[in-house]
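Remarks on the overall topology
Each chain, letter by letter, is given below.
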Amino acid sequence: MRLLPRSLRYRIAATIFALEAVVLTAVIWQATGFARDATARQIEEMERVTLGLLGGPAREALLTEEYDRFQPYVEQLLRDPHVVRVLLADESGRVVAASDARLVGEVMPALTADGDSYWRTVALANAAGPLGTLAVEFSAGPLARIHAQARNLGIGIGLSGMAVIAVVGVTFGMLLTRRLERVAAAAEAMSRGERGRRSGVRGDDEVGALGAAFDDMAERLEADRRALEEARAALEARVRARTAQLERTNRELESFVSAVSHDLRAPLRAVQGFSEALIEDHAAALPDEAREYLERMRAAAERMSQLVEDLLLLSRVSRSQLERTPVDLSRMAGELLAELRAADPEREVEARVAPGIEADADPRLLRVLLENLLRNAWKFTRGRAPARIEVSLEREDGEACVCVRDNGAGFDPRYAHKLFQPFQRLHSAQEFEGSGVGLSTVQRIVHMHGGRVWAEGREGEGARFCFTLGPQALRLRDPSGREGRG
Ligand SMILES: Nc1ncnc2c1ncn2[C@@H]1O[C@H](COP(=O)(O)OP(=O)(O)O)[C@@H](O)[C@H]1O
Ligand SMILES: [Mg+2]
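None of the values given here were measured: they were computed from a predicted structure. Position labels on residues start from 1 in each chain and follow its written sequence. Written order decides the labels, with chains lettered from A and ligands numbered from 1. pLDDT decides what is reported in this predicted model: residues at 70 or higher carry local features, side-chain atom pairs at 80 or more are listed and counted, and totals for whole chains, interfaces and linings draw on all residues regardless. Each side-chain value is derived from all of the structure's non-hydrogen atoms; neither hydrogens nor water enter the calculation.

As for the sheet that holds strand 1 (residues 83-90)
- For two strands to count as paired, DSSP must find a minimum of two bridges between them. Working definition: helices are DSSP H or I runs of at least four residues, strands are E runs of at least two. Numbering for both runs from the N terminus. Pairing in this open sheet of four strands is antiparallel, and the strands run 2-1-4-3 from one edge to the other. Pairing within the sheet leaves two strands with one partner each, and these edge strands are strand 2 (95-98) and strand 3 (117-126). Sheet twist, expressed as the mean angle between neighbouring strand axes with direction ignored, is 20°.
- Note that strand 1 and strand 4 (residues 129-139) share seven bridges and pair antiparallel. Residue pairing across strands places D90 opposite G132, the latter belonging to strand 4.
- Across the sheet, helix 1 (residues 8-64) touches strand 1, strand 2, strand 3 and strand 4, and the angle it forms with strand 3 is around 45°. Where helices are involved, their axes are fitted lines through C-alpha atoms of the stretch in contact, as for all axes, and angles between N-to-C directions lie from 0 to 180°. By definition in these notes, contact holds between two residues if any of their heavy atoms fall within 4.5 Å.

Next up, the structure:
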């Protein structure tokens, strides 16, 4: 539960009010008590004087027993509205004179005070001994009235005092907090994004210092922000320039590789052609050793020509524009496997392609990608009987991917990441021919599609190559589909 209102202004006012109310109540309480006691003492003094004045005639009446002479004093006293009754009793306690004539001759009654009145008595005596008692009953009304008046006056002064203090407190609180509120409003506006907003509060006191400090801080914050903004813009410009430069260099390098590869083709073809011609036309004239050297030259020239073709393909792939369309990946893989089988009919290969895999991809590039993976699987299962090659749609980390799995030579998984770098090969050229450029081309194509590619394998136990082609690019068209059998 909240006792004080949220606003600082009202908290100050309420605190002042509460403090002043306590002090005021205490002061008024003291003052009215003091006034009350003073009047009470005054009344008592008056009563004592009255009794003292009456003492003389009373004593005389008792000595002379001429009680009638005392009666006028009684009458006189009764005129005072404070006086209710007067009794004079002799030494034996018998009433000898009274305001009420019926009491004369009776025994002195008990002088009990009730709420409305009280008794004052005086014992009368002379040198010979006690003479009697004089008793006057006074009304309590005047004292009660004075008490009530003092109380009302106190309450009145208290209430009006508190009202004045409430007004003064609120006004004071307002004066004190108005400037604070301006600082708070400026802070709030700044947090909403009004960056140019300042409090404008100044002065020699703490609030003035706060306002100045706040404005100063806002100024510096704004300056820092501007500096940061400028730095960011400069950095962006630099990154753009660097990227452009890198792209330019990359393009130059690619066109260099492309040009070199292209220019290598013609001399290579000459080497190949002449070595073949030599073998065909002059083999008989050559010694065995020379024929073997020639044969090696021809094989080397062929390998080099394959390498040049692979490099040209890689650079063509890199420079080509990506055009995505829906492609029946299962059908494409099936066709490629059929081509491999036709070129190598004596191999015994069990190939399985999951039906209905559909890809949003560039069909030309996707064919190059699949051909490289399938050709590798075909190549590295050489010597396996039966060789098994499988193409399937799978799921990795919630993402669809296509995997090509085989039961071939496999590789040491420690070097799996190296396979995608150009010219990196884990098998010897004698065992498995190749240039080492194929998987770089695969990776390039996958990256162009915004996907990723990875390899898993174990030496002698086969390999698995998987790739994605960017978000939602791979799906199963129809799980029970009839197409796509490889
Ligand atoms: N299916 C596979 N099984 C085992 N090793 C593979 C397979 N595919 C690729 N590799 C390894 O990755 C290397 C690089 O492959 P790639 O770039 O296609 O070059 P290449 O096929 O010309 O050797 C291969 O030399 C081989 O060591
Ligand atoms: Mg290859």
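A look at the site of ligand 1
- Looking at ligand 1, there are 19 residues lining it, with N376, R425, H427, S435 and L439 nearest.
- The contact in question runs from an oxygen atom of ligand 1 to an N or O atom on the side chain of R425, over 2.7 Å.
- Any pair of nitrogen or oxygen atoms within 3.5 Å is treated as a polar contact; in protein, a donor-acceptor pairing is required on top of that, and neighbouring residues in sequence qualify only through side-chain atoms on both sides. With respect to ligand 1, the backbone of L439 contributes an N or O atom lying 2.7 Å from an oxygen atom.
- The protein chains hide 98% of the 530 Å² of surface that ligand 1 would expose on its own. A cutoff of 4 Å decides nearness: a residue is near a molecule or strand if any of its heavy atoms lies inside that distance of it. Per-residue and other accessible areas follow the Shrake-Rupley method at a 1.4 Å probe size, with only the shown protein chains counted as cover for residues.

Brief notes about unusual backbone geometry
- Looking along the chain, the bond that leaves A385 and enters P386 is cis, with omega of -5°.
- Along the polypeptide, P386 turns up in the loop between helix 7 (363-380) and strand 8 (387-396).
- Within the chain, F423 stands out as a residue other than glycine whose phi angle is a positive 70°.
- In this structure, F423 sits in the loop between strand 9 (399-406) and helix 8 (438-448).
- For every residue, the accessible area (1.4 Å probe, protein chains only) is compared with the maximum for its type, and the residue is labelled buried under 20%, exposed over 50%, or partly exposed between those bounds. On the basis of relative accessibility, which here comes to 48%, the residue F423 falls in the partly exposed class.

Here we look at the nonpolar core
- One finds L329, L366, L369, L374, F465, F467 and L469 to be the most contacted residues of the largest nonpolar core, which totals 45 residues.
- Looking at which element gives the most residues to this core, the answer is helix 7, with nine residues.
- With residues up to four places along the chain from it excluded, the contact list for L329 reads I357, E358, A359, L366, L370, V391, V402, F467 and L474.
- To form a nonpolar core, buried Ala, Val, Leu, Ile, Met, Phe, Trp, Tyr and Cys residues must be joined to one another through side-chain atoms within 4.5 Å. Counting residues in hydrophobic clusters, the runner-up holds 22 residues, among them L51, L62, L77 and V136.

Some remarks on the pattern of salt bridges
- Each salt bridge in this description consists of a side-chain nitrogen of Lys or Arg and a carboxyl oxygen of Asp or Glu lying within 4 Å of one another. Counted according to the given criterion, the structure contains 45 salt bridges.
- Between E394 and R464 there is a salt bridge whose closest N-O contact spans 2.4 Å. Residue E394 is located in strand 8, and its partner R464 is located in strand 11 (residues 463-467); the two are separated by 70 residues in the primary sequence.
- Connected through shared salt-bridge partners, R195, E222, R225, R226, E229, R232 and E236 make up one network.

Thoughts on the domain arrangement of the protein chain
- In terms of domains, the protein chain is made up of domain 1 (8-163) and domain 2 (320-476).
- Taking only C-alpha atoms, the centre of domain 1 and the centre of domain 2 are 123 Å apart. For the domain bounds, the source is a domain assignment made automatically or taken from a database.

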